[in-house]
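Overview (structure and organization)
Listed below, chain by chain, are the residues.
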Amino acid sequence: MTAVLEASGLGKRYGHKWALSECTLVIPAGKVVGLVGPNGAGKTTLLELSVGLLRPDAGSIAVLGGQPGTSPSQLARVGFVAQETPTYAGMSTRDRLWLGARMNPSWDEALAEARIEQLGLDSRQKAGKLSGGQRAQLALTLAVAKRPELLLLDEPVARLDPLARREFLQGLMEVVAEHGASVILSSHLVADLERVCDYLVVLVDSRVRLAGDIDELLASHHLLTGPRHDRDALPHDQQVISESHTDKQSSLVVRADDPILDPSWSVEQLDLEDLVLAYMSHEVEADRRPKLEVRS
Amino acid sequence: MIEFHLNKRSGVAPYQQIVQQVRHALRLGFLDVDDQLPTVKEVVATVAINPNTVLKAYKELEHLGLVAARPGVGTFVIRTLSDDSLAAHGPLRHDLKRWLEKARQAGLDEESIEALFRDVLWSTSAQGVA
Amino acid sequence: MIRVALRQFRTEGVIGLGLLVVFAIVLAITGPHLAHVYDAFESSCRAARDCATAPNPVLNLDKPLQGALPFVVAIAPALVGLFFGASLIARELETGTFRLAWTQSVTRRRWLAVKLGLVGVASMAIGGLLTWMADWWASPLDAVNQNRFGVANFSFHGVAPIGYAAFAFALGAAAGVLLRRTVAAMAVTGAGFVAARLAVTYWVRPHLASPVHEFLPLATASGPGFVFGEAQGTMYLNAYTQNGFHTPAIGQVALTAPLVKVPNGWVYSTTALDKAGHAPTSHYLFQTCPVIKQLSNQLAASAPNTPGAKPDAINACITKLASTIHTIVSYQPASRFWPFQWAEMGIFLAAALALCGLTYWWLRRLYA
């Protein structure tokens, strides 16, 4: 299976500050990828590099096998919904569809109109007068109507109320089910993403901390609680991700492919949010391997 | 047509929940042979989950021999889990309701009712009655 | 992409076109009358044989419009730059809609090329049409004044304003990309445009070709005159001074050359010089014309700064000086008007193209 995104040592800086550094990722096709991290971690930077809105300062990136933003065919294969869904406020929905049709040879007018009707949007209404949820749905329609192979969404549900958020994700999943597009969507909240994502990338402080298939990640990470242990007391194939100790008790989040057999530990499964939190507090390894990748 | 729901807190994997809900429906006679399961698109449009989850669930159901996919048409039930005992469901439901009324009047809360029921269920099945 | 750019330009384009139409209507209403008055006068003065001296009444017609026209033709390119150019890219960067525009199936290069090209051409068309209409309307006045080539009038005729409009637009676009804010870009565009126009008018245009030098006798209809440096201030006797004239020291006198008018030419300067090319010294002037010393005393006693009718004594003095001193006129002949126009248009067009290149380069550098 080809990768939708391949980054190698990718970096981007503004002045002296690196917004993204040493990013190495291979994201397989056919997944709904959640890009998680606190604000300022570099999620928007990574997405904008992927779509050709930014130029890398270090390393390289290839999207669907090509350089982002370089040719009309490359641009046609990637759909993008920016944060805060910028709109031409004075343009009506109908005008906006017209714009999409003229600027994209692969535009599917029937699909766009069907979705607009399904959403119940008045095609004459100016974009500036739409509600947040409607704008998000319109932006999704516009990105989807050109039939891209990859959809990139930057914090699409951040400002939506729970109902609008649910409706947006329903619409997005419908698109994936029908057209088979790969999706990368970012959020600073894990809860937004865990319903729909099957692949996870965790970005903290401009670096990738974790990347992998969610089922495999959850299967290979465990929460160990038990009497006070030193972390070095653990066998080598059990990697400690995060730990907390009281004078009597230790809690560790551990990555291990084999089952944990030590009876002094109580072993539990983690939920996705806890897993992400464990990696957010995990210090980057001294040998500069910036992430732990679960290979499929 | 069956509608699915996702319980995030149950600790059960989403695809397993779908499998369970289908089996549940089959047992209770809500789904019968030759009934069509909702398409993947229909499922994700109501329950915002990854289409692959639905596909995985349907594959599992196929593996269990409960459903079969007809290409270009949909996924259909081929075996039911309810048996002739379905007819007995009506009166059993009725009895159960009365028992529950009694239990509540006796002051049992939901948790106690469940605990009592489970205890009796297990102890009787351990004795080979089922 | 072309139709998209047109659609986005719709509002500004319609406003610009509307203003152009209003302008055209105003000129169309008043223009023929102007031409008619001019023609009528020309035929009547020919009969009376006083065409050279009688003033043409056309000069007094529609005075407000006469004053407003150069103003409108002057600011039109600047406005074009401000409103068409500065907002072209800056608005997309400011509102974030560039994230929409650049993720469709159109490459950055094509997007920019079409937007710059389309609106650039529209700007040039507006500049050109405006000037052409103003030219047409003012042709009777130009026929009377015959001062098309002068510094003040050159910019409001011909094809140079097409270059101004293109330049202002390109400057606006470049400022928009660099500053990423529409209002700031407008301010920079306005200031930059004014600076560029002034620089070209005063530092480039005079040097586009070496002026022609012609020798004329000293005495003509208007001038020469004398300028005296006195304790109570400089005094002028029939003198017309030009830029760069050094007022003489106290007790000294200088000779000023007469004003020479070259019909539709551009006079740089007129100087009174002897055959060796030197200006006559104060000492020489007092020696040759002792009468001017007396006159200067009289002038000091009465009112200074009186250019007016010369006493006969002065005329005799001038005749005497004319044997050794003559007038040198430095000017561009009328025939060079159009080459100068094309050259100036070319300069601004080249600058506009360079700015477009800068815009593209900077955009790619900042974004991708």
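Shown above is the structure to which this text applies.
These numbers come from a predicted model, not from an experiment.

When helices and strands are tallied, chain A shows nine helices and 14 strands. Its C-alpha radius of gyration of 21 Å places chain A within 12% of the 19 Å reference for a compact globule of 296 residues. In terms of overall dimensions, chain A has C-alpha extents of about 65 × 40 × 35 Å along its principal axes. Considering only residue pairs separated by 6 or more positions, chain A has 71% of its internal contacts joining residues 24 or more positions apart.

With that out of the way, let us pick up the sheet that holds strand β4 (residues 58-63) of chain A. Residue and element names in this part refer to chain A. Reading across from one edge, β2-β1-β4 is the order of the three strands in this open sheet, with antiparallel pairing throughout. Looking at the sheet topology across the chains shown, the edges are occupied by β2 (17-28) and β4. Strand-to-strand, the axes of this sheet are offset by a mean angle of 20 degrees, without reference to chain direction. Pairing of strand β1 (residues 3-14) with β2, which is carried by eight bridges, proceeds in the antiparallel orientation. Residue pairing across strands places Leu5 opposite Ile27, the latter belonging to β2.

Moving on: the packing of helix α2 (residues 63-95) of chain C against helix α7 (residues 182-204) of chain C. Residue and element names in this part refer to chain C. Closest axis-to-axis distance for the α2/α7 pair is 8 Å, and the angle between their directions is 150 degrees. With respect to their mutual orientation, α2 and α7 come out roughly antiparallel. Handedness of the crossing formed by α2 with α7: right-handed. Each of Ala78, Gly81, Leu82, Gly85, Ala86, Ser87, Ala90, Arg91 and Glu94 in α2 lies in contact with α7, whose residues at this interface are Thr182, Ala185, Met186, Thr189, Gly190 and Phe193. Residues of the contact of α2 with α7, tallied by class, amount to seven nonpolar, six polar and two charged.

Time to look at the pairing of strand β5 (residues 78-81) of chain A. All names here are of chain A. Side chains of β5 alternate between two faces, with Val78 and Phe80 and Gly79 and Val81 buried alike. As defined by bridge partners, β5 adjoins strand β6 (residues 150-153) across four bridges and the pair is classed as parallel. Of the residues in β6, the one forming a bridge with Val81 is Leu153.

What follows concerns the interface of chain A and chain C. Listed per partner, the contact involves 23 residues of chain A and 16 residues of chain C. Within the side of chain A that touches chain C, the residues separate by chemical class into 13 nonpolar, six polar and four charged.

Basis of the calculations
- Residues numbered from 1 in each chain as written.
- Chains lettered and ligands numbered in written order.
- Predicted model: local features only at pLDDT ≥ 70, side-chain atom pairs only at ≥ 80, totals over all residues.
- Helix = DSSP H or I, 4+ residues; strand = E, 2+ residues; numbered from the N terminus.
- Rg over C-alpha atoms; globule rule 2.2 N^0.38 Å.
- Contact = placed C-beta atoms within 7 Å.
- Pairing = 2+ DSSP bridges.
- Axes fitted to C-alpha atoms, helices over the stretch in contact; angles between N-to-C directions.
- Parallel < 35°, antiparallel > 145°, perpendicular 65-115°, else oblique.
- Left-handed = near helix turned anticlockwise from the far one by under 90°.
- Nonpolar A, V, L, I, M, F, W, Y, C, P; charged D, E, K, R; others polar.
- Buried ≥ 20, exposed ≤ 12 C-beta atoms within 10 Å, placed from the backbone.

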